[in-house]
Structures are given as structure tokens and as C-alpha cells.
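One letter stands for each residue in the lines below.
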Amino acid sequence: MGKQMTETIETAAVKSPQTLEKLEKAQAKPMMGNEAIARGAWEAGAKVASAYPGTPSTEILESLATYPAEDIEAQWATNEKVAYDVATGASLSGVRAFAAMKHVGLNVAADALMSQTYIGVNAGLVIAVCDDPGIHSSQNEQDTRLLAQLAMAPVLEPSDAQEALDFTRLAFEVSEEFDTPVILRSNTRLSHTRSLVNVGERLQKKPNNFIDDRKKSVMIPLHARMRHPILLEREKSLTKYFNQSDLTRWEKGSTEIGIITVGISYSYVKEVLPSASVLKLASSYPLAEERVREFCQSVDRVIVVEELEPVVENSVRLLGLEVEGKSFFPRVGEFSPELVRECFEKAGVLEANRQPPVLEVPPMPRPPLLCSGCPHSSSYMALRAINARVAGDIGCYTLSVMEPLHALDTTVAMGSSIGNAVGMAKGGNEERPIVATIGDSTFLHAGIPPLIDAVYNQANITVMLLDNHTTAMTGGQDHAGTGKTLRGESVERVDFEQLVRSIGVKWVRKTDSYNLGQVYQILREAIKFKGVSVIISDRPCVLDPMKIKGTPYQAVLESCTGCQSCMNLGCPAINWSDEMYDGHHKVTIDQAQCMGCSLCAQVCSEDAIHLVTN
Amino acid sequence: MPQLNNETKHLEAIVKSAPLEEIPTNVLVVGVGGQGVIMISKVLAALCQEQGFDVKQSEVHGMAKRGGSVFSHVRFGRQVFSPTIPKGDADILVALEWAEGLRWLPYLKPEKGIFIGDTQRIVPPFACRDRRRFAASGYVQESVDQVIRLVPNSSAMDAVAMARELGVPKAANTILLGALSTTLNFEEAAWKSVIARFVPPKTVDANLQAFDSGRAWIRNFDRQADSAMEAGTALDSGAWPMEQDQTWVEINTAWCKSCDICVKLCPERCLALDDQQLVQLIKPEACTGCRVCERLCPDFAINIHTPAFPELRP
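Definitions and limits used
Residues numbered from 1 in each chain as written. Chains lettered and ligands numbered in written order. Predicted model: local features only at pLDDT ≥ 70, side-chain atom pairs only at ≥ 80, totals over all residues. Heavy atoms only, no water. Helix = DSSP H or I, 4+ residues; strand = E, 2+ residues; numbered from the N terminus. Rg over C-alpha atoms; globule rule 2.2 N^0.38 Å. Contact = heavy atoms within 4.5 Å. Areas by Shrake-Rupley, 256 points an atom, 1.4 Å probe, with all protein chains shown as cover. Lys, Arg positive; Asp, Glu negative; His and termini not counted. Charge placed at Lys NZ, Arg CZ, Asp CG, Glu CD. Expected span 1.5 Å × (residues − 1). Buried < 20%, exposed > 50% of the residue type's maximum accessible area, 1.4 Å probe, protein only. Polar contact = N/O pair within 3.5 Å; in protein donor to acceptor, adjacent residues only side chain to side chain. Pairing = 2+ DSSP bridges. Axes fitted to C-alpha atoms, helices over the stretch in contact; angles between N-to-C directions. Core = buried A, V, L, I, M, F, W, Y, C linked by side-chain atoms within 4.5 Å. Domains from an automatic or database assignment. Phe/Tyr/Trp six-rings, centres within 6.5 Å; stacked < 30°, edge-to-face > 60°. Lys NZ or Arg CZ within 6 Å of the ring centre and 35° of its normal. Salt bridge = Lys/Arg side-chain N within 4 Å of Asp/Glu carboxyl O. Parallel < 35°, antiparallel > 145°, perpendicular 65-115°, else oblique. Nonpolar A, V, L, I, M, F, W, Y, C, P; charged D, E, K, R; others polar.

So, on to the overall build of chain A. Of the regular secondary structure elements, chain A holds 21 helices and 21 strands. Here chain A has a C-alpha radius of gyration of 27 Å; the compact-globule value for 614 residues is 25 Å, and the two agree. Its C-alpha atoms give chain A principal-axis dimensions of about 80 × 70 × 55 Å. Taking contacts inside chain A between residues at least 6 apart in sequence as the whole, the part at least 24 apart equals 75%. Surface exposure of chain A reaches about 23,700 Å², of which carbon and sulfur atoms provide 51%. Averaging the positions of the 58 positive and the 75 negative side-chain charges in chain A gives two centres separated by 4 Å.

Turning to helix α8 (residues 161–178) of chain A, a few remarks are in order. Residue and element names in this part refer to chain A. Between its first and last C-alpha atoms α8 spans 25 Å; for 18 residues at 1.5 Å apiece the expected length is 26 Å, and the two agree. Along α8, the residues classified as buried are Ala161, Gln162, Glu163, Ala164, Leu165, Phe167, Thr168, Ala171, Phe172, Val174, Ser175 and Phe178. Two or three places before glutamine 162, at the opening of α8, aspartate 160 has a side-chain oxygen 3.3 Å from that residue's backbone nitrogen. Trailing α8 by a residue or two, aspartate 179 shows a phi angle of about 55 degrees, which is positive.

All names here are of chain A. If you trace the five strands from one edge of the open sheet to the other, you get β13-β14-β15-β17-β16, paired in parallel fashion. Each edge of the sheet is formed by a strand with only one pairing partner; in this case those strands are β13 (389–391) and β16 (507–512). Strand after strand, the sheet turns through a mean of 25 degrees between neighbouring axes, direction not considered. The sheet contact formed by strand β14 (residues 434–439) and strand β15 (residues 462–467) spans five bridges and is parallel.

Moving on: the nonpolar core. Grouped together as the largest cluster of nonpolar side chains are 81 residues, with contacts concentrated most on A:Tyr380, A:Ile418, A:Phe443, A:Leu451 and A:Ile461. Structurally, this core is a two-domain feature, drawing no fewer than three residues from each of domain 3 (376–538) and domain 4 (553–611) of chain A. The contacts of A:Tyr380, once residues within four sequence positions are left out, are A:Val390, A:Tyr397, A:Ser400, A:Leu405, A:Ala407, A:Leu408, A:Thr437 and A:Leu466. Formed by 49 residues, the second largest nonpolar core is a distinct cluster that contains B:Ile40, B:Val94, B:Val168 and B:Val199.

Evaluation of the coordinates by the stated rule reveals 17 aromatic pairs over all chains. Ring geometry for A:Phe329 versus A:Phe335: centroids 5.8 Å apart, planes at 45 degrees, classification tilted. Of the two residues, A:Phe329 and A:Phe335, both sit in the buried class. Ring geometry for B:Phe186 against B:Trp191: centres 6.2 Å apart, planes inclined by 65 degrees, an arrangement best described as edge-to-face. Grouping residues by exposure puts B:Phe186 and B:Trp191 together as buried. What links up through ring pairs into an aromatic cluster is the set B:Phe53, B:Phe76, B:Phe186, B:Trp191 and B:Phe211. The ring of A:Trp250 has A:Lys252 lying over it, and the distance from NZ or CZ to the ring centre is 4.6 Å. Over the aromatic face of A:Trp507 sits the side chain of A:Arg509, whose NZ or CZ is 4.2 Å from the ring centroid.

Along its sequence, chain A is carved into domain 1 (2–244), domain 2 (249–346), domain 3 (376–538) and domain 4 (553–611). Here the C-alpha centroids of domain 2 of chain A and domain 3 of chain A sit 46 Å apart.

Further remarks concern the environment of B:Asp91. All names here are of chain B. Its location among the elements puts aspartate 91 in the loop between β3 (69–77) and β4 (92–95). According to the relative accessible area criterion, aspartate 91 is buried, its value standing at 11%. There is a polar contact of 2.7 Å between the side chain of aspartate 91 and the side chain of lysine 109.

Our focus in this paragraph is the sheet that holds strand β2 (residues 48–51) of chain A. All names here are of chain A. Taken in spatial order, the six strands make up an open sheet running β3-β2-β4-β5-β7-β6, and their pairing is parallel. Edge positions in the open sheet fall to β3 (73–76) and β6 (155–156), since each of these has one partner strand only. By the bridge criterion, four bridges tie β2 to strand β4 (residues 97–102) in an arrangement that is parallel. Across the sheet, the residue bridging to alanine 49 is phenylalanine 98, located in β4.

This next bit is on the pattern of salt bridges. Residue and element names in this part refer to chain A. According to the stated counting rule, one finds 48 salt bridges over all chains in the structure shown. Measuring nitrogen to oxygen at the nearest pair gives 2.9 Å for the salt bridge that ties aspartate 131 to arginine 185. Of this pair, aspartate 131 sits in strand β5 (residues 125–131) while arginine 185 sits in strand β7 (residues 182–187), placing them 54 residues apart in sequence. The buried category is assigned to aspartate 131, whose relative accessible area is 0%.

A separate point is the packing of helix α7 (residues 144–151) of chain A against helix α14 (residues 311–318) of chain A. Residues and elements named next belong to chain A. One way to put it is that α7 packs onto α14 with a least axis distance of 10 Å and a crossing angle of 45 degrees. Between α7 and α14, the crossing angle belongs to the class labelled oblique. Facing α7, whose interface residues are Arg145, Leu146 and Gln149, α14 presents Val311, Val312 and Ser315. When the residues that make up the contact of α7 with α14 are grouped by side-chain class, the tally is three nonpolar, two polar and one charged.

On to unusual backbone geometry, then. With an omega of 10 degrees, the peptide bond running from A:Thr55 to A:Pro56 counts as cis. Among the secondary structure elements, A:Pro56 is positioned in the loop between β2 and α4 (59–64). With an omega of -10 degrees, the peptide bond running from A:Tyr285 to A:Pro286 counts as cis. Its place among the elements puts A:Pro286 in the loop between β11 (276–281) and α13 (289–298). Non-glycine residue A:Asp607 carries a positive phi angle of around 55 degrees. Among the residues examined, A:Asp607 registers a relative accessible area of 51% and is labelled exposed. The backbone of B:Asp260 shows a phi angle near 80 degrees, a positive value even though the residue is not glycine. Structurally, the position occupied by B:Asp260 is in the loop between β7 (248–251) and α10 (261–265). Residue B:Asp260 is classed as buried on the basis of its relative accessible area of 18%.

Okay, structure coming up:
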């Protein structure tokens, strides 16, 4: 090979005609992938939808909450397992149900999923799971399709927003037809790309009656043993379905090279290699085996292009077919058109054809930071000062691992901090005080069982509950501790202090995160306590639910000695000024960004930071 | 004198390619959170849809609110597949912040791509982490002048200052939108009607005025080049030469009463109490000579000695 493919091919690849026709219609709407998924669920007549926020899936439920409340119950769940259990219950009760989560959220829901697939559905049950290849905002880049294979739940993988809507709608039909939950797999790029979508009407569907069949819905060993073979049968019927369905699309082109691809990778393949023969799968599991076999026989060479794990590639190999794929394409990270092109070059399908860029400047790091006035800053300042061993968790506060706060030692998964701290304490190997830090939303999600464990097993740890009254990292979603629902109704607020006391914690204090001296003092007392001590560091997030803006502070340059202690807060409003003192830049405070939390003024040893007065 | 090379010629190229050809037109809009990157790309995407194009607009959410860099890919044409612009394939790069523009320059089409950059510099605190004496900022050092000279079809404007002059300080992004509009073949009126839909009702007139001034500025780039370049040069100063800077921390342990104040308040955390609860310097390489410990010690047990730099003192 090696010669450029584009010249040798007679016929241009088949354009996806549906898309073009649809564009003619005036009502096409620009929609984010996540909005399209939400629309699909609404159009399919889903009655109950539940989710725990997590980038990149968060907007799905937020978008569903914009549809009429009489159509759909859209609600935030305490965690993904609860979300999935709620959806399962709704489905079993006879209405179409939907759950959404990010890839690592499916781990939390996996316990339920693995057995729920044995039970199947009454009305359609669909889970949207958004992967994060490239790890834009996650702790790993696991491939949901592997979990789906394990659970034996079919996965539909749209490649753009139109398909996201169409596939979601269809997923409910597949779910009911084959008596199975269906996973709709998106990823960061698809979820957050806006493209034109033609929308439809909502399906008016009468609820089914509850099916009184305990052999199917109560998974005791006797029943489960009967259900497992049914799953294997179901897998066969689904394979047949994907073989026959026009969801599996064969775009005829060159016979020299054939590409098997799925999901977002399809768009990169079409961009880079528009004239190749393409078999576009709608599902990596179960595989459309017959179509794959036919396709492989029709071309000289087959390359599988899929992001992350070689799920399709391995399945095709199991059919005894010769294909290539991960020998050229990486198993890590997100694909891009330039990366796909490079890999085709490596495979000898395309010739290198690139001009060097006009100017390449080493990029300046601009990492995300805790906001100006972030109530988390003071807690980590204090933790750093007492030289604590800090077990961290998932949330904005993970950013305190960066300079200058530099105060986190571990971050594993939602709720891990407290369990990790218990282990560190029990190891007996740590001389520094052991502190677990966990946000309010994360605490409710997965922090309560480990806190019970800590009390039960009498671990000598301190837990800092960073209560900022919102789920901040994902953009400020409500939870049981905020007293508001997804649709904005007021409800009872979880009282963290009472909750913690009821578990059996004897030492509990609440502090204002903006009172730095108090935070230090309480932290010192807490680490002296033998047993579990809990500090509730309490201040609302400065961005959500409302942006807080008070009188800003300013640095008085005559007094500033350039020690830059205030910059240790990591506040983005504080930066170098042009004036120097003894070789050090004095500081300046950006009044537009400063929201007046006063932490820098509390830190300043020269009393050089004052409120702005007019 | 830097020039916007081949401006007219290139304009024609884009005009021809956009509606007729199969290959999509690629516009990359970059900046930092809160600058209006998404607004520009939404306006452009809506306009393209109105004109009958397929369009995809892709961005990564999440970090924008937290001061991270923000970018949005807009692609339009008869049919668009990839949601992102292939590296080296951007027809137009609009940068709302100087260092962000430089970060994304490799995405620009060599030779033919158009670069429209705002000279505004938003220096992240991360670039000011070096606390050694006379340390230079970590912000990109390339000046506006250098970049404009090296990148063909490039122009740099101080849109923030222009917006301030117009009395609408928040409309810098609309000024850049005006500049962008001159490089694409859409009617001026069509741009304006979309902008009017996207900005708050009360600010429509101000935004349209900002849009006009962006258009006018690009058309008169040569005339205005001087002032932009001056701004660029002025912004370049401020980096101090780094010198070997040995700081000596003199600790008189006889006077230390283990109060721990210096240990807790050292910005670099380079002090600690030893076995006898007396203060010691544990990380001499981290000490920046800021004198916080010296000033705060109630017992005058610490003295900081730094070499003088009389010739460098401001």
C-alpha cells in the first residue's frame, strides 16, 4: 500500500443522506449531545429519570428538568446506584425509566446493574453513560463497554447529536423488545458538541401493569440460576437484531481498505478517510457478527477504529477474522482527526502530508484553580500548616493538590477519603495527624458508610466535611443537603451535624470557613482528640447557587513587603504588581475578581490588605 | 512595520471555499473563562445554520469557571463530520487572550490561516509562583510584534481598550466578532441580526457599535498597527534578570521559645521545629528571603541576610 488512497477510489463514499435531508427542514435545532439524549428520553415517553451529576453527563438531567413536570419526574439521586435503582423500580412498575451517569458512576451502580440484567424490564429502561477518554474531568478513563459486556447489557453508541436523540429513543424500544436494560454510551466530545438535530414529538404511552412473576423479579439463587441461560439466549437475539437492523450501516467505498468503527470514532474516520469502505456499528456489544463477516470478506484489509479498549477488535478476532486496530491506534486518550490521520499513516493507508506550523511556542500552563473567595482555601491552608496527612476526595477541592496549597496526599474515588484515612490510622505507620477531607455532596454520595466504619472501628482520624451547600465541581447542582430539588422545590435539608452525631461521633464542631484563625484552632483541637472527630467547615460556594460578590479588598503598596504569603491561598484575584520590594514583587488584587472573603487580609502579617473604600 | 499580509487575497479564498466545496470551514475561538469565547462561537454557529450550513460546535466544559483555558471549535460546510478541527487545519483562529492565542497557533493552517488576536494578557497566578528575588514571570515572552511578523495573515488588537473607549467594557468579544466577520462571506446585516438575538436586549445597540468598530479596525489595520504594537512593546517589560541569589537564614536558637509562629506562617514551609522543639531551616533551597519569619518572631531569633542588588533596584 502506502500510496494515497484518495486518488485510487472511483466512487465517493456514501453520504449519510438522512442528515442532509433533515437539514433542509427549518426546525433543526442546535443541540448539545447531552440535550439530544435528554430529548430522546422525553420523546420516548420516559416517566421517571434519575441521575447523580458528573462531568460530562450532568446536563442530561438538567435538560430533562426543562420538560414539563407532568411529563417526567426528573430528579437528582444521592448517588448513581440509587439513580439506577429508582429507574429500575419505575420500569418494573410499568413506566419507561431513564438514568444518567458518568463512566465511573456506573461502577457505583454496577452492583445493581449486574443482577438487574437478570431481571430485565417491564417498561423500557435506558442508562446513559458518558465516558471521558482523555480524562478531561475524571479520575480514570475506563471503557464502559467492558462493564456492559460483563453485565450482558447491550450498548448503543451514537456518533453525533442527531444519533444521540434517535438512538436514545430507539433504546427504549430495544429494551422492551428484548427485555433488557440498554446502555447508551456517550463521551465527553459527543456530550459537549452542539450540532443540528431534528426533533420529534413525545410518544404517549400507557403504563403497563406490574408483572407478578417472582421467578423473574426476585433474584434468589434458585431464580437467578434459571435466568442466567435466558441472558445467553437474549445475547443471540440481539446479535440477530443488529445483523438485520439498518442501525448497522455499510458505506461502500474502496475495496482495498475497510474500516469498522463505532460511535464518535466514525466522525474522525469520515473526516480523514472519506473514501474508504466503512462498516459503522451502532453497538460494540452484542456485535453484528454476520455483517462484520460479510464486510471483512468484501475488502482486502480491515482496520478497526475505536476509542479506548479493543472491544470490537477482540470480538471480531473471536470470529476467526483477521483485522488490525490497536497495533496502530492507541488504547489511551481521546481521538482527534489529526491522531486518526497519524495512525492511518502508521498503517500505511495514508501518506504523511503535513506542513510544519507557522509558529510553535511552548504552551504556558494555565491550570484550573479554586475560585477567588473559595471557602475550601482556608481549610487546606490550615491542613498544610499543621502538617497533616490528608486523604482527599472527589470535588473542586481536589484542585488543592496543586501549588500553592499543595495539601492533598490521596484521591481515589467518591467517598474514598474516610476509608483511606481509617486504613492509614490502622496501619499505625503514620506520625502526622490523619485527616480526611470530603465535600457535602460527596459525603452524602459515598461518605456515610466509611464514617460509620471509622466510628465502629474506633479509628483515630479527623474528618473535615467541607460543606459549601452545593455540588460545585459539576456546576452547582442541588442535593439532599441543599434543601432544593432538581426542579427547584424546597425540601427538608439534611442536618450534617445531627447526622454525624447519630452515627456516634462524639467530637463535632462547626466553623465558618472564612474565619481562618478559628479553622486553625478547631483543627488543632480536633487532631488532639483520640477517636473520630468531625469538623464541618461551613460556607456557601461563591459561584452557586448564586454568584457572591462583596466589597473587594486592595493591597496597600506602601505597606506590602512582597512576602506573598497571601498568594499561598492560591486565590486567582491576587497576583504580582509591577512594584517591587527587596527584589520581590508586591501584590495586587484584581477588584473585579475579588469577592471580599477577607482571607488574604487575615493572612497578611503587615496589615497591607484593606477593604476598598470610596 | 508589521503588515496584515495578503488580507484581501485571502478573504477571497475563504469566500469561495465556504458554501460550494465539500471541505468544511474551521474557526477556532480561544481564551480564558468569562471572556465570551462561547458567545462568539454560538453566534457564528447560529449564523451558519441560518445560512443553510451543517455546523458543529465543540467545547470542553468544566474548567472554564475555574480560570482554565477555554476553546471552542466551530466547523461549518455542506456536511461536517469531526466535531474538532484537525491540528493545522483551522482557517481562522480568534484569540481573546494573548497567551491562549499562542497556545493554539499550531492549529492554524500554515500559510493560509488567519490569526486575529487580542493583545490582552491575563496572567495566571501560576505564572507568578517563583518567589525568588528578581524572578521573571512565567507568562509567554513572545511579543505582539514578533508574532505578527512571523505569522502571515495575522492581526493583533487591544479589543479591551477599544471596548472601554466605546464605554462598553464587556463588549471586547463583540469587537473581535466584528473583526472575525470581515474574514467570512456573510452579509453584515445577517451577523447583526444574530448578535441582536444573543446579547441582553438592553445592550443590543452597544454591541452592534462594538461589532462595527471591530470591522472598521480590521479594514484599517495598517493605520492602527502602530498603536497596537506600542501596547505590545509596553507590555513586554517587567521581567527581571535572574541572578544567583543566596539567602542566609540566621537562627539564634538560644532565643527560640518554640512558639511555632514562624513555622506556621512561612510561605514556603521551609522551617520546622527539631527534636528539641527549636526552629531549624529544613529546606534552604526553598527559602526566598521574604522575611516573614524575621518580622513575626516575637523573640528576634531569626535574621535574614540577602545580598543587595543596588543596580537593579527599582
